[in-house]
Structure formats: C-alpha cells, structure tokens
Amino acid sequence: MQKQIVNYSFLVIILYLIFFSCTKEIDFDQADDFEISPVMESSLVFFDEPANSFLLNNTEIISIKDSIKIDFFNNEFIVDNLIKADFVFETTNSINKGFQLQVDFINDTEEQLHTFTIRVSPSSDGSDVLSNHVEEFEGDTLTALKSTRKLVFTLSLLPGGPIDQTTRGRIKLESKAVFYLNIGEEI
Amino acid sequence: MRRFILLFIVISCHFSFSQNKQLLYGFSDIPQSLLLNPGGNIKNDWYFGIPLLSHIHANVGITGSTVYDIFANDGIDFNTKLQNAVYGMGPRDFFNGNQQLEILSGGFSFGSSYEKNEYISFGLYQELDFITYFPKDFAVLALEGNQNNINRPFRAHHLSVAAEVISVLHLGYNKKVNDHFTFGVRGKIYSSIANIRSTKNQGRFITVVGQNNFYDHIFNLDLELRTSGLASLIDDDDSDTNSDAVVKDLKRRILFGGNLGLGFDIGFTRRLNEQWIWDASLLDIGFISHTKDVENYKIEGDYVFEGINPIFPDTGNVQTAEAYWSEIEDNFEDLFKLDTTTTKYITWRPLKLNTSLNYAFGKKGYEDCNCTRSENSYQNSIGLQLFAMSRPKQPQLALTAYYYRRLFNGLQIKTTYTIDSYSANNIGLGVSANLGGLNFYIMADNFLELKNIYNAQSVSLQLGFNYIFNKNED
C-alpha cells in the first residue's frame, strides 16, 4: 500500500511538471527598439611631398587640381544610417610658403553642394608647422555629403618665398573620416 | 541591411539545440531507443511506429545568454540588454538545433533457436540539424565600429554556421549472442534536402596606425559558404505558381531525390554480471556527397587601404587621379567580390558517441506479481551516461546520471541529471506507458528551468506512439 502511494505521488509530480511549466513575462516587441551606434573611422586623403614637387620644368605650379568620382556617400546603407560625419585633417608644413587645400563636393548634375578650405601657415625657419582642421557634416551639410558624387581637390601654394630645386621642406597632409552610424528600426 | 543585422544578432542570441537524447538512451521499453544504440537491449517481439507520430523530437538551447536575458519585460533598455548579451558571450558560445520526425518505423525479432535472439528494425525519418557559433567579432564591430578598436583584429573564423535537412532510411540488425553480449549495426542512406555550411572561414580585418596616413586598414579575407539544395528553391521563389513544384520537389528529395550519402551506426551491450551492464554506440559514421543543386559563395582577398592620394597619385608617373582612384575601387571590388561556384563537396555527418554504465537493483516481490520471473525483473536502475558529438569548433560533451524505475506494469519512468555545455543542473524526466499494445512516451529535460522556459539554456522534448507486441505479455 505504501509502495502504491509512493508510485502515485511520482506520477502526480511528473504530470505536474509536464503540464504546469510556465514563463515569465517576455516582450518580443522590444526588438523594435533595436538600435546600434557604431563609429567607423577610415583613412581619407593623404600626401607628403617635398617642395620641388611644385616645380614643372623649373616653373612653380600655382595650384594642382584633381577630382575623384565617388559612389560611397550615396550608398543606400550610408544614406539610411549615417547621422554625422567628421573629416579630420592634420597638416605639417616646413616650406617657407603657406598652402591651402580646397575640397568641393559635387553632385551628379555638376552642382557644387559644399566646399571647405584648409589654410596652412608658412614655416619661417624650416621647422614643422602643424595644424589641423575638422569639417563636420550634420544637418544640411550631411544631406549635401549624401548627394555627393564627385570630390574636387585643389591644392594651391600661397604667396611667400619662391620655390626652386634647392628649396627645403615638405608639405604633408593626413586625413580620416569618422562616420557616426545609427542602425535601427527608426532613425 | 539593418533588418539583416537585427535578425542576425537576435537569432544569434536565441536558441540552440543539441542531439543528446539522454532520456531515451537505454530506455529499452521504447523501441526508438534502438536508434541510439543498435546493439541495445530489446524488450519487444515486434513493433511498428504510428506513422508520423512514432518519434517527434525537438531540442533547443543556447550557451551564453538566454532569450529571457534579452527580451525580459523588466524595464531595462533593450539595447542595454542586447549589449550585455553580446559582451557576455564568446566565440565558442553557440546556438544549435535538432529536430527529428519519424515517418515510418518498425521492427521484429526472429531466430532459429527456441529463443528469438535476432532483431531487424527499419524506418525512415527526417532530421533537421543546425549550429551557429556566436560571431563575437562581427557583433562587436557592428556594435562599436572600429574607432575604439584600433589594432584589434576582427576575425572571420568567428563566423561558423552549419545547417542541414536530411531524410534517413535505415535498416538495423541486432543480435543477442548470449546472456552477456548483444551487438548491433545499422546501415543508413541519407538524402540531403538542403545543406548550408560555412565553417572554415579565415582571415581578419584590422585597423592599425598607418605610415602615410592616420590608418592602414588591412583586409585579409577568406570566407566561404557552401550550399546544396537551395539554389533551385530560391530561383523558384521568383514565381508564385511554382510553389506546387517546390513541394513536389521537396517530397522527391525526402524519398532519395536529394544529395545522397551513406553511413552506419554500431553498438553493443555487455552484461558484466547480473546487475551491472555496460553499453556503447557510435552513430552516424557517414558522409553526404553534395553534387546536385550546389552553389558555393566565396570571398577571398588581401588588401591594405591607407586612403587616397588624389593630388600626387604617383609621382613621376603620368597616371591621372581618375585612373588611380579606379584602381583603388577595383581593388575593393576584387576584395569583396562574391565568387559563385558549383563545385561539389562532401560533408561528414556529425559523429555521436554514447556510452553508459548501469546498475540494476530491487527485484519485485513475488507476492505482487503472478507473471513468470525473468532476468530483467529488476525494478530500478541507476547509471552514468556519456555523450559526445563532433561539432565544427570543438566536440559537444554531456555527462548524465540517471535513475530508472518501473512504477507499474506498463509504466516506466526515467529521470536524468545532466551536465553539459548549456548548464550544470539539467534535470530531465521521461515516461513510457503501455495501454494494451499501444505505447506512448514523452520526455523533456531542463525541468528546473521550466518555471521560466525563456531562461532555459536548452530544452528538449521527445514523444511518440508505437504499437508494441511485448515478449512479457505473451
């Protein structure tokens, strides 16, 4: 008899466990709040040139202009998720002339959407003159960036001492882009 | 894109399955236990499984975080919980799944001697198995970006996924050589309905401080995803009218129209003395050759990006900025170009080892029974079981202690305590009941977690109906 009771209580426990498992409150709708904010950095443009690079047949070049076509900023992922971007420039100048770099942002109908210029002071004694510039893209400028299809770079030497084959010093530029992304259901 | 990332992260943190059937292993009152050890003890004369209902198995689980950790309605910001989950998990945490559905099964004993000591069993079942490791570095890159991770490599091998749906036709032979030794073997023909495999990814992405510019971004990638049985289905999706054709195609693949493979199981039971029994089995020693409907995708390349020098592209060279830039673009395109091939491939089935040591005790009192005594009249047994299974990164192991008891005539229970990758306190319960010739069994594990199933690291359920003609009920 006692054995029977033990056996039956086993059975009751099993049935209880099978039929009365339960859950605590779970809210899968929270997935709608999903949001991640990675910050990506990427090298951008650079150069490092001695003074005599600005000579063509021993004549000083006033400015050098070149452009690149770029589809990156109108990429759907960037358009949807980029909330801010910074272009960070660091320059070193040891030439006795100042220089400036102008960057123009052009769309597919050749309109200029945005432009900025970095001016770097001359080095009076051949020592390195360091300077930096941060161009922020937010709001309207960010919209301009996202429509940009072409970047035009114009590097110009500013008035100062003359350059010849013996001119010492160099100009150097490093830059990176910082992309602040926000990826989620709603932006 | 963001939906994809969401899905990726959420699914990665969701569920996992394992193929350990610690409750069914050695539960010889249930004919399907023979699938876990072809050389197991057999208690019936013949049986057939009720078609489509004879063995239904599903097992879900996860190592690392649980669904509750992420989706609990506790007022904590969802993204905070998600981040905690990502940071709390490592690249060896996984999420894997196994589901089986027996379509047909049966078995019968035969033998020339006075005692029928040989047994043939057969059947057809469908199985789904998948495992994905938590792609930790990918998740951290998506969460943080590279800004705070300069010099940190993001390693491609963190991405490791394998999934397949197969049907298996099998025929097993079991022979009780004498009172001390029984062995068995089972041959299997696999038909792969669909297969995805990406387990040998290599390479990395790293951002380091550069020579000429702020950073050098170093890409060194070798990723491959192999698929079979999917390309044609995806193509068919383009038109709705083809859904009938897809169903027809899937049916054909279940019945050996898929990619075929061969394999076998072996096992034995050794009675050491009247009360001690040792048994072991090795399952799914086999392969599948994927030759039909194969589509493989590969990304392979090395590239270092340090930015662009648009003004002095290449001093001393006449190269224009435009040409220089398109060269960089080409390099990136080459790097991320998805090569699609149809090279056939072979997959090995995940190998499974089971072994157990058992001690039977507590004979039933004579006054309770008017049936004849037989050697297996012990009412209880306890034992230790070990399960091991090959997986892409490392074997999956589980150690189980169990207690088995016959409660009444035709009602047996088994309770297990299992330590495995998921948890160290997994308690399971299984019941097998006979009503006349009809046998019903149900078993589930992780009972301690059932008070909040979403917090469980793994849950498994097996149930089925058979019609059994028992020796003892002659």
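Residues numbered from 1 in each chain as written. Chains lettered and ligands numbered in written order. Predicted model: local features only at pLDDT ≥ 70, side-chain atom pairs only at ≥ 80, totals over all residues. Heavy atoms only, no water.

Chemist: I tried to follow the overall build of chain B on my own but got confused; where do I start?
Modeler: Looking only at helices and strands, chain B has seven helices and 21 strands in total. For chain B, with 474 residues in total, the buried portion stands at 52%. Partitioning the contacts of chain B with sequence separation of at least 6, the portion at a separation of at least 24 is 70%. (Helix = DSSP H or I, 4+ residues; strand = E, 2+ residues; numbered from the N terminus. Buried < 20%, exposed > 50% of the residue type's maximum accessible area, 1.4 Å probe, protein only. Contact = heavy atoms within 4.5 Å.)

Chemist: Please explain the environment of S421(B) as it appears in this structure.
Modeler: All names here are of chain B. Along the chain, S421 falls in the loop between β18 (411-420) and β19 (426-435). Among the residues examined, S421 registers a relative accessible area of 36% and is labelled partly exposed. S421 sits 360 residues away from G61 along the chain, and the two C-alpha atoms are 9.9 Å apart.

Chemist: What's the story with the pattern of salt bridges in this structure? I'm lost.
Modeler: Pairs can form between side chains of opposite charge whenever their charged atoms are close. Summed over the entire model, instances satisfying the criterion amount to 23 salt bridges over all chains. Two residues, E174(A) and K172(A), come together in a salt bridge whose shortest N-O distance is 3.6 Å. Among the charged side chains, a network of salt bridges with common partners joins E127(B), E164(B), K188(B), D265(B), D284(B), R349(B) and K352(B). (Salt bridge = Lys/Arg side-chain N within 4 Å of Asp/Glu carboxyl O.)

Chemist: What is the right way to read the sheet that holds strand β6 (residues 63-69) of chain A from this model?
Modeler: Residues and elements named next belong to chain A. Taking strand neighbours across the sheet as the criterion, the four strands line up as β6-β11-β8-β9 in an open arrangement whose pairing is antiparallel. The strands lining the two open edges of the sheet, one partner per strand, are β6 and β9 (112-120). Here the average twist between neighbouring strands, direction ignored, is 15 degrees. With seven bridges connecting them, β6 and strand β11 (residues 150-160) associate as antiparallel partners. Along β11, the bridge assignment pairs I64 with L155. (Pairing = 2+ DSSP bridges. Axes fitted to C-alpha atoms, helices over the stretch in contact; angles between N-to-C directions.)

Chemist: What is the right way to look at helix α4 (residues 136-144) of chain B in this model?
Modeler: Counting along an α-helix, one turn takes 3.6 residues, and residues three or four places apart therefore face a common direction. Those residues of α4(B) that fall on the buried side of the exposure criterion are K136(B), D137(B), A139(B), V140(B), A142(B) and L143(B). Turning to α4(B), the residues buried within the fold contact β1 (35-36) of chain A together with α3 (78-88) and β5 (154-155) of chain B. Immediately downstream of α4(B), the backbone of G145(B) shows phi near 80 degrees, a positive value.

Chemist: It is not clear to me how a nonpolar patch on the surface should be interpreted in this structure. Could you clarify?
Modeler: Residues W46(B), F48(B), F108(B), F110(B), F122(B), L171(B), L435(B), L438(B), Y467(B) and F469(B) make up a contiguous nonpolar surface patch of about 940 Å² in total accessible area. Breaking the nonpolar patch down by element, the ones donating at least two residues are β1 (44-49), β3 (94-110) and β21 (458-470) of chain B. (Patch = residues over 30% accessible without salt bridge, like charges linked within 9 Å, V, L, I, M, F, W, Y side chains within 5 Å. Areas by Shrake-Rupley, 256 points an atom, 1.4 Å probe, with all protein chains shown as cover.)

Chemist: Could you clarify how one ought to interpret α3(B) in this entry?
Modeler: Residue and element names in this part refer to chain B. F78, N79, K81, L82, A85 and V86 are the residues of α3 that are buried. Here the buried residues of α3 occupy an arc of 160 degrees about the axis, which is enough to place them on one side. Residues of α3 that are exposed and point more than 90 degrees away from the buried face comprise N84 and G88. (Arc of directions from axis to C-beta.)

Chemist: Looking at this structure, how should I read the packing of aromatic side chains?
Modeler: Each aromatic ring pair is summarised here by two numbers: the centre-to-centre distance and the angle between the ring planes. Counted according to the given criterion, the structure contains 35 aromatic pairs over all chains. Relative to F87(A), the ring of F73(A) lies with its centre 6.2 Å away and its plane at 35 degrees, an arrangement referred to as tilted. Of this pair, F73(A) sits in the loop between β6 and α2 (76-81) while F87(A) sits in strand β7 (residues 82-93); the two residues are 14 residues apart in sequence, bridging distant segments of the chain. One Lys or Arg, R349(B), reaches over the ring of Y190(B) and ends 5.0 Å from the middle of that ring. (Phe/Tyr/Trp six-rings, centres within 6.5 Å; stacked < 30°, edge-to-face > 60°. Lys NZ or Arg CZ within 6 Å of the ring centre and 35° of its normal.)

Chemist: Even after reading the chapter, I still don't get the environment of N79(B), so can you show me in this structure?
Modeler: Tracing the sequence through the fold places N79(B) in helix α3. N79(B) sits in the buried class, given a relative accessible area of 9%.

Chemist: Before we go on, may I ask you to explain the nonpolar core in this structure?
Modeler: In this structure, F87(A), L145(A) and L155(A) are the most contacted members of the largest nonpolar core, which totals 74 residues. Counting 11 residues, the second largest nonpolar core, distinct from the first, contains L23(B), L36(B), L283(B) and Y404(B). (Core = buried A, V, L, I, M, F, W, Y, C linked by side-chain atoms within 4.5 Å.)

Chemist: Just checking my understanding: could you explain the confidence of the model for chain B for this structure?
Modeler: Caution applies to low-pLDDT parts of the model: their predicted coordinates are not meant to be read in detail. When pLDDT is averaged across chain B, the result is 85; 87% of the residues are at 70 or more. Within the model, the stretch residues 1-17 of chain B combines pLDDT values under 50 with 60 contacts to residues more than four positions away or in other chains. (pLDDT = per-residue confidence, 0-100.)

Chemist: Please explain the side chain of N149(B) as it appears in this structure.
Modeler: Residue and element names in this part refer to chain B. Mapped onto the elements, N149 comes out in the loop between α4 and β5. Note on N149: relative accessible area 7%, which makes it buried. Sequence-distant contacts of N149, that is, excluding residues within four places in its chain, are made with V140, E144 and F154.

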